[in-house]
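# Architecture at a glance
Residues per chain, in single letters:
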Amino acid sequence: MEFSLSKEDQDFKESVYRFGLRDLAPLSQKLEYDDKEEFIVANWKNMGKFGLLGLPYPEQYGGAGASVLTTTLAGEALGYAGVDAGLLLSWGAHMILCGVPIWQLGTEEQKKKYLPKLASGEWIGGLGLTEPNAGSDAAGIQTTAVKKGDRYILNGSKMFITNGPVGNVFVVAAVTDRSKKAFGISAFIVEKGMKGFSVGKKLSKLGVRTSPTSELIFEDCEVPEENILGEPDFGFANVIKLTLEWERSCLVAPAIGGLELGLKKAVEYARERKQFGKPIIKFQAIRHKIADLKMNLEAVRQIVYKVAWMKDRDIPAMMDASVAKLFVSEIMERTASEVLQIFGGYGFIKEYLVERGYRDSRLSSIGGGTSEIQRGIIARSILNFK
Ligand SMILES: Cc1cc2nc3c(=O)[nH]c(=O)nc-3n(C[C@H](O)[C@H](O)[C@H](O)COP(=O)(O)OP(=O)(O)OC[C@H]3O[C@@H](n4cnc5c(N)ncnc54)[C@H](O)[C@@H]3O)c2cc1C
């Protein structure tokens, strides 16, 4: 069994880390963006220039042809560089949830039209699946698409959509044949500006506040038939199958870096902070917390790398991806809470960014399938194996 990264991957990870530290972190760490819930456009553009916005897409569509593992390492490096979790969530929704389905299921025309724009950052993408009344039960969506001549007419709305307020293009799920349930849902590429498509107001959130979120509204929205993505009726099932494994490896990757950064900050602080005449790192209670942070970081890293490794070899990773997503979510929350505890009262104050990390960590067990849903998938997989 080989545990080491290739020299190219190590060098790439290091270069992304240095880029994140130098070109993204200074703005990422300004609290005013979090306070104002502002998407950091300058950082987005920098990511595009560095080639991070379409990393895994083939080179002919503006990407770098990076493997899933390399893409995962980039996310980890950015998390460790202290890039805000909001930007990294927007990155994942854009590159993975919107771009990957277009790359893997799209026609040649669709790939040529959308991927270079997404890879450069000229256009921002997102995925519209969740609805006001259908979240975990994704197959229960109500938005419909009815064929009329050479177009589909979409009616309904999508809720909690990452990049909604800033996005130019969205992969949107809509029911085309209600009688077929989950296999009667198609996927469409919907552009801002298409007749009948509008964006609801920006939603104010607890965490990841630099990632803009909103409702998407379709009122007799006219989508040209060439914008259907993948097979009619099967688009949704294929998009979900595709994106979820990517989402649960690459999209959670910044968390690994975030955990390592949390550990580093906790150690630095515990060395400096003195109580009872000595640095708090001298207290066994604090040392044990540090040891647990390290143990959890190593376990998360291996589990996420394994999913990326499996995906790079086309080994079905549905259950492993759920294990990774569930574990990362729980460890993120626990780590954020323990780091804050080590910082004591200062952790509760905004200035140290530990408070922001605590708020940001809360999304992971909700977005992209809740922890309850992940436990259900894992249990079902185990029972089916027997
Ligand atoms: C900041 C943010 C960004 C998001 N970005 C996107 C995006 O870009 N695109 C998109 O499509 N969606 C997005 N989402 C939506 C997200 O995926 C959903 O919120 C999530 O899937 C949960 O759905 P829900 O909120 O409707 O909760 P519900 O499904 O209503 O669940 C409520 C509670 O019931 C539990 N529950 C539900 N069903 C079961 C069950 N069968 N067994 C046990 N427990 C169950 C859940 O675990 C949860 O605790 C985003 C959400 C947030 C908060």
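Just so it is clear, the model here is predicted, and its values are computed rather than measured. (Residues numbered from 1 in each chain as written. Predicted model: local features only at pLDDT ≥ 70, side-chain atom pairs only at ≥ 80, totals over all residues. Heavy atoms only, no water.)

## Thoughts on the nonpolar core
Formed by 93 residues in total, the largest nonpolar core has its most connected members in Met47, Leu52, Leu78, Trp91 and Ile102. No other element matches helix H5 (residues 85–105), which puts twelve residues into this core. Core analysis: the second largest hydrophobic core is formed by 16 residues, Tyr152, Met194, Leu216 and Cys221 among them. (Core = buried A, V, L, I, M, F, W, Y, C linked by side-chain atoms within 4.5 Å. Buried < 20%, exposed > 50% of the residue type's maximum accessible area, 1.4 Å probe, protein only. Helix = DSSP H or I, 4+ residues; strand = E, 2+ residues; numbered from the N terminus.)

## Side note on the pairing of strand S7 (residues 213–224)
Both strand S3 (residues 151–162) and S7 contribute to a ladder of nine bridges, which runs antiparallel. The residue bridging Ile153 from the neighbouring strand is Glu222, located in S7. Across four bridges, strand S6 (residues 197–202) lies against S7 in antiparallel orientation. Residue pairing across strands places Phe197 opposite Phe218, the latter belonging to S7. (Pairing = 2+ DSSP bridges.)

## Some words on the domain arrangement of the protein
When its domains are assigned, the protein resolves into domain 1 (7–124), domain 2 (126–237) and domain 3 (252–385). A separation of 32 Å is found between the C-alpha centroids of domain 2 and domain 3. At the interface, five residues of domain 2 touch six residues of domain 3. Across the domain 2 to domain 3 interface the summed buried area is about 460 Å²; carbon plus sulfur atoms make up 66%. For the pair domain 2 and domain 3, the interface holds zero salt bridges. Partitioning the side of domain 2 that touches domain 3 into residue classes produces two nonpolar, two polar and one charged. (Domains from an automatic or database assignment. Contact = heavy atoms within 4.5 Å. Buried area = accessible area lost by both parts, 1.4 Å probe. Salt bridge = Lys/Arg side-chain N within 4 Å of Asp/Glu carboxyl O. Nonpolar A, V, L, I, M, F, W, Y, C, P; charged D, E, K, R; others polar.)

## Comments concerning the site of the ligand
Every one of the 15 residues lining the ligand counts as a neighbour, but Thr130, Ser136, Thr162, Thr370 and Glu372 are closest to it. Within the contact set of the ligand, a nitrogen atom lies 2.8 Å away from a backbone nitrogen or oxygen of Leu127. One nitrogen or oxygen atom from the side chain of Ser136 is found 2.6 Å from an oxygen atom belonging to the ligand. For the ligand, whose free accessible area comes to 980 Å², the fraction covered by protein is 62%. (Near = heavy atom within 4 Å. Polar contact = N/O pair within 3.5 Å; in protein donor to acceptor, adjacent residues only side chain to side chain. Areas by Shrake-Rupley, 256 points an atom, 1.4 Å probe, with all protein chains shown as cover.)

## Concerning the pattern of salt bridges
For side chains bearing opposite charge, pairing can occur when the charged atoms are close. Counted according to the given criterion, the structure contains 26 salt bridges. One salt bridge connects Arg18 with Glu14, and the closest N-O pair in it is separated by 3.4 Å. Note that Arg18 and Glu14 are positioned in helix H1 (residues 7–28) at a spacing of four residues, about one turn of the helix. Given a relative accessible area of 38%, Glu14 falls into the partly exposed group. A salt bridge links Glu298 to Lys294; the nearest nitrogen and oxygen atoms lie 2.8 Å apart.

## Some thoughts on unusual backbone geometry
With the exception of glycine, the majority of residues adopt a negative phi angle, and the majority of peptide bonds are in the trans configuration. The backbone of Lys181 sits at a positive phi, close to 50°, despite the residue not being glycine. Here Lys181 shows up in the loop between strand S4 (169–175) and strand S5 (185–191). With a phi close to 55°, Asp314 is a non-glycine residue in the positive phi region. Along the polypeptide, Asp314 turns up in the loop between helix H9 (284–312) and helix H10 (318–343). Overall, Asp314 belongs to the exposed group, its relative accessible area being 69%.

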